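# What the coordinates show
Here is how the chains run, residue by residue.
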Amino acid sequence: MEEPRIGRVNRLVAVAYHDSGMMLSAGELGEILLPNRYVPDDFEPGEEIDVFISNDSEDRLVATTERPIAMAGEFALLKVAGTSRVGAFIDWGMPKDLLLPFKEQVRRVQTGEEELVYIYVDKVTNRMAASARLGKFVSGQAPGFLLPGTPVSLLIAERTDLGYRAIVDERFWGMIHSTDSTLKLKRGDRYDGW
């Protein structure tokens, strides 16, 4: 069984009742609380449940049955919910907005704007965060095993003079030349490609 990871959906086992919910066993991460509002009726210790693991407002690990728009290791076009002295906060579909630190911004973003970001878990703080510095997470080189006609997923990143720059298979950069597309492509759209 794979070790549970912060920022991803994990299948965990309930180990004990708690006043605030149910304690779940998360391997090396220890026991994590699934708050009462997410505990299914008749859920008992020993049973398994799929939960998303993140940090609460006090930076404790917590489990939820809710799902974010994007998880750790994924890219998404998300709306800026607000700004502060440490960066911007991104609405990723969870109760607590996700920090986009100033150092991870390509330009200063404003409330209401959309930004294409990568979701990651900071290795120092173990907190989830977002980065608009996509080049840190996208390779400039396609894997050698790809052949013409191989199906791939495309995430439109930006328009250029040549066409549209896209993140291919969530791993490397690709280009859709203007002459190759009759679609009205826009940043954040996802497509199947070859």
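Reading the values: rules and limits
- Residues numbered from 1 in each chain as written.
- Predicted model: local features only at pLDDT ≥ 70, side-chain atom pairs only at ≥ 80, totals over all residues.
- Heavy atoms only, no water.
- Phe/Tyr/Trp six-rings, centres within 6.5 Å; stacked < 30°, edge-to-face > 60°.
- Helix = DSSP H or I, 4+ residues; strand = E, 2+ residues; numbered from the N terminus.
- Lys NZ or Arg CZ within 6 Å of the ring centre and 35° of its normal.
- Pairing = 2+ DSSP bridges.
- Axes fitted to C-alpha atoms, helices over the stretch in contact; angles between N-to-C directions.
- Salt bridge = Lys/Arg side-chain N within 4 Å of Asp/Glu carboxyl O.
- Buried < 20%, exposed > 50% of the residue type's maximum accessible area, 1.4 Å probe, protein only.
- Patch = residues over 30% accessible without salt bridge, like charges linked within 9 Å, V, L, I, M, F, W, Y side chains within 5 Å.
- Areas by Shrake-Rupley, 256 points an atom, 1.4 Å probe, with all protein chains shown as cover.
- Lys, Arg positive; Asp, Glu negative; His and termini not counted.
- Charge placed at Lys NZ, Arg CZ, Asp CG, Glu CD.
- Contact = heavy atoms within 4.5 Å.
- Polar contact = N/O pair within 3.5 Å; in protein donor to acceptor, adjacent residues only side chain to side chain.

## Observations concerning the packing of aromatic side chains
Across all of its chains, the model carries 4 aromatic pairs by this definition. Note on Phe75 and Tyr118: the rings are 4.8 Å apart at their centroids and 55 degrees apart in plane angle, and the pair reads as tilted. You can see Phe75 sitting in strand S6 (residues 75-83) and its partner Tyr118 sitting in strand S9 (residues 114-121), a full 43 residues away along the chain. Ring geometry for Tyr120 and Phe137: centres 5.9 Å apart, planes at 25 degrees, overall stacked. Here the residue Tyr120 occupies a position in strand S9, and Phe137 occupies one in the loop between strand S10 (128-131) and strand S11 (152-159), the gap between them amounting to 17 residues. In this arrangement the basic side chain of Arg165 is found over the ring face of Trp173, its NZ or CZ atom lying 3.7 Å from the centre.

## Things to note about the sheet that holds S10
The strands that make up a sheet are held in pairs by hydrogen bonds between backbone atoms, and each pair lies either parallel or antiparallel. Pairing is antiparallel in the open sheet, where 5 strands are placed in the order S8-S7-S6-S9-S10. The strands lining the two open edges of the sheet, one partner per strand, are strand S8 (98-101) and S10. Strand-to-strand twist in this sheet, taken as the mean axis angle between neighbours without regard to direction, amounts to 55 degrees. Across 5 bridges, the pairing between S6 and S9 is antiparallel. Bridge pairing in S9 places Phe75 opposite Tyr118.

## So, the sheet that holds strand S12 (residues 163-168)
The 4 strands lie next to each other as S13-S12-S11-S14, forming an open sheet whose pairing is antiparallel. Each of the sheet's edge strands pairs with one partner strand only, and the pair in question is strand S13 (172-177) and strand S14 (190-193). Across this sheet, the average inter-strand angle for adjacent strands is 45 degrees, counted without regard to direction. Pairing of S12 with S13, which is carried by 6 bridges, proceeds in the antiparallel orientation. Bridge pairing in S13 places Val168 opposite Phe172.

## Quick notes on the pattern of salt bridges
Tallying each qualifying case throughout the model produces 14 salt bridges. One salt bridge connects Arg11 with Asp50, and the closest N-O pair in it is separated by 2.9 Å. Taken together, the positions of Arg11 in strand S1 (residues 9-18) and Asp50 in strand S4 (residues 48-55) put the pair 39 residues apart, joining distant regions of the chain. Residue Arg11 is classed as partly exposed on the basis of its relative accessible area of 43%. Residue class for Asp50 comes out partly exposed when judged on its relative accessible area of 31%. As a salt-bridge pair, Glu170 and Arg190 come within 2.8 Å of each other at their nearest N and O atoms. Here Glu170, found in the loop between S12 and S13, pairs with Arg190, found in strand S14; they are 20 residues apart in sequence, far enough to count as distant. The structure contains a network of salt bridges with shared partners spanning Arg11, Glu48 and Asp50.

## Some thoughts on a negative patch on the surface
Judged by side-chain charge, Asp41, Asp42, Glu44 and Glu47 come together as a negatively charged surface patch. Note that Glu44 resides in the loop between strand S3 (31-35) and S4. Judged by relative accessible area, Glu44 falls into the partly exposed class, the value being 37%.

## Quick look at the environment of Ser178
Following the sequence through the fold, Ser178 ends up in the loop between S13 and S14. Sequence separation of Ser178 and Leu162 is 16 residues, and the distance between their C-alpha atoms is 6.1 Å. Excluding residues within four positions of it along the chain, Ser178 makes contact with Arg159, Leu162 and Gly163.

## Regarding the side chain of Asp122
Of note, Asp122 is situated in the loop between S9 and S10. For Asp122, which is buried and forms no salt bridge, the nearest opposite charge comes from Lys103, at a distance of 5.0 Å. A polar atom in the side chain of Asp122 sits 2.8 Å from the backbone nitrogen of Val124.

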